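Residue strings, one per chain:
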Amino acid sequence: MKTIIKNTNFKGVAKSVRPDAKRRVVLPADLVREGIIYHIYANAAGQIVLDPQVTIPASEAWLFADKTALEMVDRGMVESGKGKVIDRGSFSKYMKDAL
């Protein structure tokens, strides 16, 4: 199983929060970001962890499945981070395929 807790530096953000009649708990506004979904985990002690997730469009999922392509993108990101600009030309010919 993957590691769920990525940082053990927790801070209290609310106290005495009570679920409503439909068993929902309202999160403080400063914790909730637009477009985030959560995986929910619970342990035997009754503690609950919300693990924020983002989704990617199905049309982009191939990149994460293709390790070679992902490594190429990662290398490109490292190169661009060094101030090295690489002209790859126009990608306009691919636009009709993406629509």
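Above this text sits the structure in question.
Residues numbered from 1 in each chain as written. Predicted model: local features only at pLDDT ≥ 70, side-chain atom pairs only at ≥ 80, totals over all residues. Heavy atoms only, no water.

### Some thoughts on the pairing of strand 2 (residues 48-53)
For clarity, the cut-off: Any two strands between which DSSP finds at least two bridges are classified as paired. Numbered from the N terminus, helices here are DSSP runs of H or I no shorter than four residues, and strands are runs of E no shorter than two.
For strand 1 (residues 37-42) and strand 2, the ladder comprises six bridges, and the chain directions are antiparallel. Each residue of the ladder has a partner; that of Ala-42, found in strand 2, is Ile-48. Between the end of strand 1 and the start of strand 2, which pair antiparallel, lie five residues, with Gly-46 showing a positive phi angle near 90°.

### Describing the pattern of salt bridges
Opposite charge on two side chains makes pairing possible when the charged atoms of those side chains draw close. This is how the line gets drawn: The rule for a salt bridge is simple: a side-chain nitrogen of Lys or Arg has to be within 4 Å of a carboxyl oxygen of Asp or Glu.
Scanning the entire structure with this criterion turns up two salt bridges. Linking Asp-20 and Arg-24 is a salt bridge whose minimum nitrogen-to-oxygen distance equals 2.9 Å.

### Looking at unusual backbone geometry
Heads up, the rule is: Each residue's exposure class comes from its accessible area (1.4 Å probe, protein chains only) as a fraction of the maximum for that residue type: buried when under 20%, exposed when over 50%, partly exposed otherwise.
Although it is not a glycine, Ser-16 adopts a positive phi angle of roughly 55°. Note that Ser-16 resides in the segment before strand 1. On the basis of relative accessible area, Ser-16 is assigned to the exposed category, the value being 77%. Although it is not a glycine, Arg-23 adopts a positive phi angle of roughly 65°. Checked against the element boundaries, Arg-23 lands in the segment before strand 1.

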